[in-house]
Protein chains: 2
Amino acid sequence: MRNSKVPGVTIERLPLYYRYVQRLDRYETNVVSSSELGKRVGIPAAQVRKDLSYFGEFGRRGVGYEVDSLRYHLEKILGLNKTWPMLLVGAGNLGRALVNYRGFLEQGLEIRAVFDNDPGKTGSNIVDGLKVEPLENLEKRITELSIKIGIIAVPVDSAQEVAVKLVELGINSIWNFAPTLLEVPSHIFLRNEDLSVGLMSLIYYSANYESGKECSHHIEKNSEDK
Amino acid sequence: MRNSKVPGVTIERLPLYYRYVQRLDRYETNVVSSSELGKRVGIPAAQVRKDLSYFGEFGRRGVGYEVDSLRYHLEKILGLNKTWPMLLVGAGNLGRALVNYRGFLEQGLEIRAVFDNDPGKTGSNIVDGLKVEPLENLEKRITELSIKIGIIAVPVDSAQEVAVKLVELGINSIWNFAPTLLEVPSHIFLRNEDLSVGLMSLIYYSANYESGKECSHHIEKNSEDK
């Protein structure tokens with residue numbers, strides 16, 4: 001099913017296809033074409049077909065993809081047919097927002113443990129049934145819950161230290177929301193989510209709009225137009 | 001300076017170049033090569049040169065880009081040499097996180113007005129000197145502050161309604177954090193920031209890691225490897 005030669009851009013687009021197919025499913029559409037998928041994600045139909053072909057042949061020429069089947073395959077490819085318990089370090093506003101983010105809950109993606117070094121925060125519920133724990137509990141909880149994915153939502157100054165700790169304790173994938181570049185060993189998967197990057201591209205378009213240039217772009221993150 | 005033929009992927013990468021060059025500047029590096037820039041963003045050097053060439057010739061063959069000059073040009077291209085006042089609708093956890101996000105403040109990107117329809121939130125300070133206002137104030141404040149950029153951080157069910165309102169009142173760029181697809185007129189620039197998309201690609205890598213496949217990817221959002 002999985003192929004290590006799959007380009008990063010393809011992997012970044014799989015969730016976009018999945019999100020769209022999920023929405024289609026609700027309205028009981030049976031078939032979706034590569035050009036329709038491409039339009040939503042902002043890439044040519046041929047690229048959609050190429051992306052999906054890395055994982056097998058589940059479309060039919062001239063017809064498209066069966067929505068149910070495509071959804072099923074994307075779930076398997078993305079690993080969403082299993083549970084991936086996650087932990088979060090940082091119980092500030094961003095941490096709270098992530099724990100409550102409806103987009104995660106809809107996908108069954110659940111943050112199972114939350115940590116903070118502020119004694120004013122530990123012990124309290126960040127959400128019903130989920131208490132903020134001190135960092136000393138990290139090791140115990142990572143083992144107990146078999147957690148491999150860690151989300152970092154701490155201030156810039158402590159992000160590197162937290163990353164080192166998570167790697168030491170066996171976390172293999174880190175999603176970093178602190179706007180700083182982290183150093184981790186090369187076998188760790190690190191995703192930096194620098195929100196100011198998104199904002200800067202928005203400003204680019206707004207600046208162009210102001211200067212009277214054409215501006216007609218609706219994008220999902222990571223879309224590609226060529 | 002600006003060219004309407006610039007591909008969306010290039011525009012998405014400009015902030016990544018800018019963020020890196022900004023960091024270099026602090027350590028007083030004088031020159032940066034396209035291969036170094038490419039390495040940080042995860043694309044080939046040739047693509048970096050192509051991306052930047054849309055905006056003029058500011059690199060030197062065999063030498064690279066002067067850090068100061070590249071930073072200056074990227075600031076101008078991205079419109080960061082001007083102020084872009086923004087408004088935020090939704091004073092929940094995510095809204096609070098965005099108002100306080102250090103990555104924005106570092107770039108001088110400031111949320112100048114915050115709105116919520118919850119009377120329990122309006123009137124209180126979301127941060128020092130910034131009060132949450134009722135939605136009735138939208139029109140007045142958009143005019144007063146000449147705001148063209150709106151951030152939506154409301155629950156899924158009210159996101160579309162808020163978007164329609166913002167467009168009516170003259171907002172031209174919308175950054176949507178509600179995990180739902182919004183319908184806006186084609187002259188509006190809409191950026192959907194569905195955080196579950198990032199999480200799903202993280203899970204893909206974690207799933208691959210578990211199954212013993214090689215996994216060595218450090219990515220910045222929107223990076224491309226081919």
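Every value quoted in this text rests on a predicted model; they were computed, and no experiment measured them. (Residues numbered from 1 in each chain as written. Chains lettered and ligands numbered in written order. Predicted model: local features only at pLDDT ≥ 70, side-chain atom pairs only at ≥ 80, totals over all residues. Heavy atoms only, no water.)

Caption draft 1: Looking closely at the relation of the copies chain B and chain A. Overlay of chain B on chain A (RMSD 0.0 Å): rotation 180 degrees, translation along the axis 0.0 Å. In short, the pair behaves as if placed about a two-fold rotation axis. (Least-squares fit on C-alpha atoms with pLDDT ≥ 70 in both.)

Caption draft 2: Spotlight on the domain arrangement of chain A. Assigned domains of chain A: these are domain 1 (8-77) and domain 2 (86-197). The C-alpha centroid of domain 2 of chain A is placed 31 Å from the C-alpha centroid of domain 1 of chain A. (Domains from an automatic or database assignment.)

Caption draft 3: Representation of the packing of aromatic side chains in the model. Residues and elements named next belong to chain A. According to the stated counting rule, one finds 10 aromatic pairs over all chains in the structure shown. For the ring pair Phe-104 and Trp-175, a centre distance of 5.9 Å and an interplane angle of 50 degrees mean the geometry is tilted. Placement of Phe-104 in helix α6 (residues 102-106) and of Trp-175 in strand β9 (residues 173-176) is noted, with a sequence separation of 71 residues between them. Residue class for Phe-104 comes out buried when judged on its relative accessible area of 1%. Residue Trp-175 is classed as buried on the basis of its relative accessible area, which comes to 0%. Summarising the aromatic geometry, the rings of Trp-175 and Phe-177 are spaced 4.8 Å apart at their centres and angled 55 degrees between planes, so their arrangement reads as tilted. Through pairs of rings, three or more aromatic residues link up here, namely Tyr-101, Phe-104, Trp-175 and Phe-177. (Phe/Tyr/Trp six-rings, centres within 6.5 Å; stacked < 30°, edge-to-face > 60°. Helix = DSSP H or I, 4+ residues; strand = E, 2+ residues; numbered from the N terminus. Buried < 20%, exposed > 50% of the residue type's maximum accessible area, 1.4 Å probe, protein only.)

Caption draft 4: Structural view of the side chain of B:Thr10. All names here are of chain B. When you line up the elements, Thr-10 lands in helix α1 (residues 8-26). In this structure Thr-10 comes out as buried when scored by relative accessible area, which is 1%. Side chain to side chain, Thr-10 and Asp-51 meet in a polar contact 2.8 Å long. Apart from residues no more than four positions distant in its own chain, Thr-10 is found in contact with Asp-51, Tyr-54 and Phe-55. (Polar contact = N/O pair within 3.5 Å; in protein donor to acceptor, adjacent residues only side chain to side chain. Contact = heavy atoms within 4.5 Å.)

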